[in-house]
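The lines below spell out each chain.
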Amino acid sequence: MKKFFLLMMACGVALWGRAQQGTDVLMATLQHGDEVSMYYGKTALEEAYTAAADSGDVVTLSAGRFTFSGYMQKSLTIVGNGFLSDMENGVFPTVITSGLQFKPRDVVDDDGETVMEAVKVDGVHLEGLKIENPVVYSSSGTVRNLTIKKCLFTNPDSYGRVLSLSTSTENVVIQQCVLGGCIDFWEEEQRNHQNFYIVGSFVDWLKTPKEYCTIRIDHSIVRGNFLNNVNISNSIMECYTVSGSVVNNCIFLNQNPSDLVGAGNWVDCKYAGIFEESMNDLAWDGVKTFKLKYPEEYVGTDGTQVGLYGGPYPYNPTPSIPQIKESHIDTTVAADGKLKVSVTVEAQTED
């Protein structure tokens, strides 16, 4: 019964998001245990965050454009309506217009002294969001156990960054995402990134991961001229240098890197022989699907096709919350005082 109630709440948020497109009315629900609270307007996310506990709560956002000021310092799940737009079918994205900043929280101890970064950012889950402007980790500490799933990162800063890791990280998963800019690992600050995993995603380029970091990329598409100091498999790329990397079962387009270390790779491939679509670059435009023309010929280390549609998490941008595909609400109340509502929903039930 509890799961059914929460499903209906999620459906309600999605339906509200559809109905209110073109207005200033936005909605966020905050689930704290069995308690559910609702907030409205472009600051609804900020209000729900303020009211949330330090960990374990879930914020579900309707479609629309939300702001978020300050730092993300609580261990929350934030789920939106997805990042795709389909005006014909009334599907609209959830957009965070201000970017996000993560920073561990200071506390005051029993002696009145401030303990810097005493409460770590640990266990945040973001899903189904279009994030405009960079996501920034601003700290000398460590952000741990972060999952970013089925999100689109746009509007890079003046350095081309959409994800600026000016803090160390542990156990970060970027899954089925589109990063329309650079992931900057901040070489000059000697940041340490352990168990950083990118899977089923499009990444524009990576900047300065160090040799002591453990960064793994699987079943993804990566642009950029260089991809150094990573472990990459079953992916498609344009890189001409992969110094310090181990590369297995990857497709290189128009490139044959001289310092390639690994096995099972296809080098100097031509676009026309790889993709179903006609294209001459890997730029993300929201239209290209990047589906292979001959998937049975390009098999990865795990026995599935290389690229976005193989592996443990094939690319699919539909978030796990229900998406309203069809709805009807009667305009009059029946004799028994009930209002008839019929809703058809679709959710991505698998990872």
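Predicted, not measured: the structure shown is a model, and the values here were computed from it.

Reading the values: the criteria
Residues numbered from 1 in each chain as written. Predicted model: local features only at pLDDT ≥ 70, side-chain atom pairs only at ≥ 80, totals over all residues. Heavy atoms only, no water. Helix = DSSP H or I, 4+ residues; strand = E, 2+ residues; numbered from the N terminus. Contact = heavy atoms within 4.5 Å. Areas by Shrake-Rupley, 256 points an atom, 1.4 Å probe, with all protein chains shown as cover. Buried < 20%, exposed > 50% of the residue type's maximum accessible area, 1.4 Å probe, protein only. Salt bridge = Lys/Arg side-chain N within 4 Å of Asp/Glu carboxyl O. pLDDT = per-residue confidence, 0-100. Phe/Tyr/Trp six-rings, centres within 6.5 Å; stacked < 30°, edge-to-face > 60°. Lys NZ or Arg CZ within 6 Å of the ring centre and 35° of its normal.

Thoughts on the overall build of the chain
Each helix and strand counted, the chain has three helices and 26 strands in total. By sequence separation, contacts in the chain at least 24 residues apart represent 45% of the contacts at least 6 residues apart. Summed over its atoms, the accessible surface of the chain is roughly 15,900 Å², and 49% of this surface lies on carbon and sulfur atoms.

Overview of unusual backbone geometry
Positive phi values are uncommon outside glycine, yet Asn 171 reaches one of about 60°. Of note, Asn 171 is situated in strand S14 (residues 161-175). A residue is classified by how much of its surface remains accessible, and Asn 171, at 33% relative accessible area, is partly exposed. For Phe 290, which is not glycine, the phi dihedral falls at a positive 60°. As for its placement among the helices and strands, Phe 290 is situated in the loop between helix H3 (271-274) and strand S25 (323-329).

Overview of the pattern of salt bridges
All told, the structure shown has 10 salt bridges when counted by the stated rule. The salt bridge involving Asp 184 is made with Arg 161; its shortest N-O contact spans 3.2 Å. Of this pair, Asp 184 sits in strand S15 (residues 178-184) while Arg 161 sits in strand S14, and the two are 23 residues apart along the sequence. Taken individually, Asp 184 and Arg 161 each receive the classification buried, so the pair is uniform in this respect. Of the charged contacts in the structure, one is a salt bridge between Asp 268 and Lys 270, with a shortest N-O distance of 3.5 Å.

Considering the confidence of the model for the chain
Close inspection of predicted coordinates is inappropriate in any region flagged by low pLDDT. For the chain, per-residue confidence averages 84 on the pLDDT scale, and residues scoring 70 or more make up 81% of the total. Predicted confidence for residues 323-327 stays below pLDDT 50, and this span has 23 contacts to residues more than four positions away or in other chains. Confidence over residues 341-347 falls short of pLDDT 50; this stretch has 25 contacts with residues more than four positions distant or in other chains.

Re the packing of aromatic side chains
One pass over the structure, following the stated rule, counts 10 aromatic pairs. On the numbers, 5.3 Å between centres and 50° between planes, the contact of Phe 202 with Trp 284 is tilted. Of the two residues, Phe 202 sits in strand S17 (residues 202-207) while Trp 284 sits in the loop between H3 and S25, which places them 82 residues apart along the sequence. Its relative accessible area of 1% is what places Phe 202 among the buried residues. Here the aromatic residues Phe 202, Tyr 271, Phe 275, Trp 284, Phe 290, Tyr 309 and Tyr 315 are joined through ring pairs into a cluster of three or more. When the ring centre of Tyr 49 is taken as origin, the NZ or CZ atom of Lys 74, which lies over that ring, is 4.9 Å away.

Things to note about the environment of Val 58
Structurally, Val 58 can be placed in strand S3 (residues 55-61). Residue Val 58 is classed as partly exposed on the basis of its relative accessible area of 23%. On a C-alpha basis, the gap between Val 58 and Val 36 in space is 9.5 Å, while along the polypeptide they are 22 residues apart. If we ignore the near neighbours within four places in the chain, the residues touching Val 58 are Thr 29, Leu 30, Gln 31 and Thr 77.

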